[in-house]
Amino acid sequence: MIELSVTVQPGRLLLDKKLLRATLRSAGAEVAATARNLLRSSSGKPSAPGDPPARQSGLLARSLKVAVFKNGEGVAILDTARARTINGPNTGAPYARFLEEGAVGGKASGRKGVKGKRNTRRRGVLVAVSSNRVLAPRPFLTRALEMRSASIEKRIEASVNGGLKFVRERSEEHTSEL
């Protein structure tokens, strides 16, 4: 067995985030483009649970945007469309998360302690039948990330390794007092 001892002068590792931000922006754009292709390649029939959502109007695909975190250490793919009711009809698509993760809705929405209204009757006549609704997940962003993860991982690793710098600090024993 060999024992090795190495002494390194005091210093800090600094990361130049400019290269990392650019890499994250391009990686996010690549994932968003793949997600758009998944959304646009549907056949028009309703999608099965577990498959990417079927295209209805194309609004969801058009609303995906990429934003790099301010600290430069991450990226988000956002659904930027919002429902507009003041200046026009509801034209937004704020449902990307519901499609990606699934959702539960309807009267009482399955919440504990809240009784749902089923088979509503007025004067003995059945006027509405309501129940809990469940939307099974239809992942498209997760699938796009899985499809691109190998190439993205290599590029991020290269940008981090390329942006690391070792900055030596002057030790106190070498400084002189005036």
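Below, the structure is looked at part by part.

What counts and what doesn't
Counting starts from 1 at the beginning of each chain's written sequence and moves along it residue by residue. Note on the predicted model: pLDDT of at least 70 is required for a residue's local features to be given, and 80 or more for side-chain atom pairs to be given and counted; whole-chain, interface and lining totals, by contrast, use all residues. Excluded from the side-chain calculations are hydrogens and water; all other atoms, namely the structure's heavy atoms, are used. The numbering of helices and of strands both runs from the N terminus, where a helix is a DSSP run of H or I of at least 4 residues and a strand a run of E of at least 2. Throughout, a residue-residue contact means that at least one pair of heavy atoms, one from each residue, lies within 4.5 Å. Only the protein chains shown count as cover for residues, and the accessible areas themselves come from Shrake-Rupley with a 1.4 Å probe. Strand pairing is assigned whenever DSSP identifies at least 2 bridges connecting the two strands. As used in this record, nonpolar core signifies buried Ala, Val, Leu, Ile, Met, Phe, Trp, Tyr and Cys residues forming a set joined through side-chain atoms within 4.5 Å. Under the scheme applied here, a residue whose accessible area is under 20% of the maximum for its type counts as buried, over 50% as exposed, and between as partly exposed, the area being computed with a 1.4 Å probe on protein chains only. To estimate how far a helix should reach, multiply one less than its number of residues by 1.5 Å. Salt bridges are identified by distance alone: a Lys or Arg side-chain nitrogen within 4 Å of an Asp or Glu carboxyl oxygen. Counted as a polar contact is a pair of N or O atoms within 3.5 Å, where, for protein atoms, one must be capable of donating a hydrogen and the other of accepting one, and residues adjacent in sequence contribute only when both atoms are in side chains. Bend at a given residue is defined as the angle between two axes, one fitted to the seven residues that end at that position and one fitted to the seven that begin there. Residues qualify for a patch when their relative accessible area is over 30% and they have no salt bridge, like charges being joined within 9 Å and the nonpolar side chains of Val, Leu, Ile, Met, Phe, Trp and Tyr within 5 Å.

## Thoughts on the overall build of the protein chain
Moving on, step 1. On a plain count of helices and strands, the protein chain comes out with four helices and eight strands.
Moving on, step 2. Along the protein chain, from the amino end to the carboxyl end, the secondary structure elements read β-α-α-β-β-α-β-β-β-β-α-β.
Moving on, step 3. Considering only intrachain contacts with a sequence separation of at least 6, the fraction spanning at least 24 residues in the protein chain is 67%.
Moving on, step 4. For the protein chain, the exposed surface amounts to about 13600 Å²; the carbon and sulfur share of it is 53%.

## Let's talk about the pairing of strand E2 (residues 64-68)
Moving on, step 1. Both E2 and strand E3 (residues 75-79) contribute to a ladder of five bridges, which runs antiparallel. By the bridge assignment, Val 68 is partnered in E3 with Val 75.
Moving on, step 2. Counting the residues between successive antiparallel strands, the hairpin from E2 to E3 contains six residues, one of them, Gly 72, with a positive phi of roughly 75°.

## Details of the nonpolar core
Moving on, step 1. By size, the foremost hydrophobic cluster in this structure holds 14 residues, and its most contacted members are Ala 35, Leu 39, Leu 60, Leu 64, Phe 140 and Ala 144.
Moving on, step 2. Of all the secondary-structure elements, those providing two or more residues to this core are helix H1 (17-40), helix H2 (59-62), helix H3 (96-101) and helix H4 (141-163).
Moving on, step 3. Considering every element that reaches this core, the biggest residue donor is H1, with five residues.
Moving on, step 4. Ignoring anything within four residues of it in the chain, the contact list for Ala 144 reads Val 31, Thr 34, Ala 35 and Leu 38.

## Let's talk about H1
Along an α-helix, residues three or four positions apart point the same way, because every turn accommodates 3.6 residues.
Moving on, step 1. Given a rise of 1.5 Å per residue, 24 residues ought to cover 34 Å, and the 34 Å separating the end C-alpha atoms of H1 matches this to within 8%.
Moving on, step 2. Restricting attention to buried positions, one finds in H1 the residues Leu 20, Thr 23, Leu 24, Ala 27, Gly 28, Val 31, Ala 32, Thr 34, Ala 35, Leu 38 and Leu 39.

## A look at the pattern of salt bridges
Moving on, step 1. Inspection of every chain in the model, using the stated rule, returns four salt bridges.
Moving on, step 2. One salt bridge in this structure joins Glu 30 and Arg 155, with 2.3 Å as the shortest N-O distance. Residue Glu 30 is found in helix H1, and its partner Arg 155 is found in helix H4; the two are separated by 125 residues along the sequence.
Moving on, step 3. Between Arg 97 and Glu 101 there is a salt bridge, and its shortest N-O distance comes to 3.3 Å. Of this pair, Arg 97 and Glu 101 both sit in helix H3, separated by four residues, roughly a single helical turn.
Moving on, step 4. What emerges from the salt-bridge pattern is a single network uniting Glu 30, Arg 148 and Arg 155.

## Quick notes on the side chain of Ser 63
Moving on, step 1. For Ser 63, the location among the structural elements is in the loop between H2 and E2.
Moving on, step 2. Only 2.9 Å separates the side chain of Ser 63 from the backbone oxygen of Leu 60, close enough to count as a polar contact.

## Considering H4
Moving on, step 1. In this model, H4 (23 residues) spans only 28 Å end to end at C-alpha, well below the 33 Å of a helix rising 1.5 Å per residue.
Moving on, step 2. Within H4, the axis deviates most sharply at Ser 149, by approximately 60°.
Moving on, step 3. Burial in H4 covers these residues: Leu 141, Ala 144, Ile 152, Ser 159 and Gly 163.

## Points about a nonpolar patch on the surface
Moving on, step 1. On the surface, a nonpolar cluster with roughly 360 Å² of combined accessible area is contributed by Leu 13, Leu 15, Leu 164 and Phe 166.
Moving on, step 2. One can find Leu 164 in strand E8 (residues 164-168).

## Points about the side chain of Thr 23
Moving on, step 1. Within the fold, Thr 23 resides in helix H1.
Moving on, step 2. Once residues within four sequence positions are removed from consideration, Thr 23 is found in contact with Arg 155, Ile 156 and Ser 159.

## What about the environment of Thr 23?
Moving on, step 1. Residue Thr 23 is classed as buried on the basis of its relative accessible area of 11%.
Moving on, step 2. When the C-alpha atoms of Thr 23 and Ile 156 are compared, they prove to be 6.4 Å apart, with 133 residues separating the residues in sequence.

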